[in-house]
Amino acid sequence: MAFNPRPKQREVLAYRSGKMGVSAVPGSGKTQTLSSLAAQIIASGVLDDDQEVLIVTLVNSAVDNFRVRVSLMIEEQGLLPNLGFRVRTLHGLAHDIVRERPGLAGVEGNFQIVDERVADQIREQAAHAWLRSHPYDLDEYLDPELDEGRRDWLRREHLPELVDGIANAYIRLAKDLQVTPEMLQEKLDSLPVPLPLAEMGAAIYTDYQRALAYRGAVDFDDLIRLALLCLHSDPDYLERLRLRWPYILEDEAQDSSRLQEEILQLLAGD
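Residues numbered from 1 in each chain as written. Predicted model: local features only at pLDDT ≥ 70, side-chain atom pairs only at ≥ 80, totals over all residues. Heavy atoms only, no water.

A. Structural detail: the nonpolar core. By size, the foremost hydrophobic cluster in this structure holds 27 residues, and its most contacted members are L93, I97, V98, L231, L241, I263 and L267. Within the residue set of this core, elements represented by two or more residues are β1 (53-57), α4 (90-100), α11 (220-233), α12 (235-244) and α13 (258-268). If one sorts the elements of this core by residue count, α11 sits on top with 7 residues. Residues in contact with I263, not counting those within four places in the same chain, are I97, I224, A227, L228 and L231. (Core = buried A, V, L, I, M, F, W, Y, C linked by side-chain atoms within 4.5 Å. Buried < 20%, exposed > 50% of the residue type's maximum accessible area, 1.4 Å probe, protein only. Helix = DSSP H or I, 4+ residues; strand = E, 2+ residues; numbered from the N terminus. Contact = heavy atoms within 4.5 Å.)

B. Representation of the pairing of strand β5 (residues 247-250) within the structure. Burial of the side chains of β5 is restricted to one face: Y247 and L249 are buried, whereas none of I248 and E250 on the reverse face is. In the sheet, β1 pairs with β5 via 4 bridges, with the strands oriented parallel. In the strand pairing of β5, I55 is matched with L249. (Pairing = 2+ DSSP bridges.)

C. Broad picture of the pattern of salt bridges. Throughout the structure, instances matching the rule amount to 21 salt bridges. D221 serves as the salt-bridge partner of R172, at 3.0 Å between the closest nitrogen and oxygen. Of this pair, R172 sits in helix α8 (residues 159-176) while D221 sits in helix α11, and the two are 49 residues apart along the sequence. Exposure remark for R172: the relative accessible area of 45% places this residue in the partly exposed category. The exposure class of D221 is buried, given its relative accessible area of 18%. The salt bridge involving E239 is made with R242; its shortest N-O contact spans 3.7 Å. Taken together, the residues span about one helical turn, with E239 and R242 both in helix α12 at a distance of 3 residues. Owing to a relative accessible area of 27%, R242 belongs among the partly exposed residues under this scheme. Each of E52, R86, R88 and D96 takes part in one network of salt bridges that share partners. (Salt bridge = Lys/Arg side-chain N within 4 Å of Asp/Glu carboxyl O.)

Listed below in structure tokens is the structure:
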């Protein structure tokens, strides 16, 4: 796999230690450059037998792309392919961290992970159940000049999708802020005035988490939160992971959430 880096790519390949950020537009060859950097680190002999270059990317298709590229590059240098590096999505990395020490996260060792399709179904059911129980609670947000027939049409055809969309944004933000349903409800109960939309979101969030717990499952956002809990709970475990992954290469960093970046910052250390 011939790779003739351009001058700016050579600057990336000159990396030896510390923290470095690279701004790259689509089509600039960043996947090839990061793969080459990983292969270069592995071939340099700086890794111990139990150490790896950790490559973190956004989607599963990119995982396969990186794995193939790095394997070919190190094989060309006479080394065994698939050794000396690990490629994960951010959620895959979080899963590795939690699965190794589930007790730190407060989950059973046989916990399940629901994919986005199932998570969407569970949340949608919770949102629609709330709307059936509160059919007129959102009327104050409708145009007061609408006749009753038009209101009924909106309640039936548009509100279910709208409420589910609000619930999705609400739950994801709450998890990124590490706020549980119980914490939310306690805060809402202490406010001097009611916040109807916030209360709606909290109710759906509560039902959604209850449905996950019933299945003994977590969603992808829970994985990130729980992985961070593991790293904060056991400094020795964190230090072992830092030793395991002395080099971390993150692809598409601009798309990482606040908690995802915090996980990588902890793993990178000082």
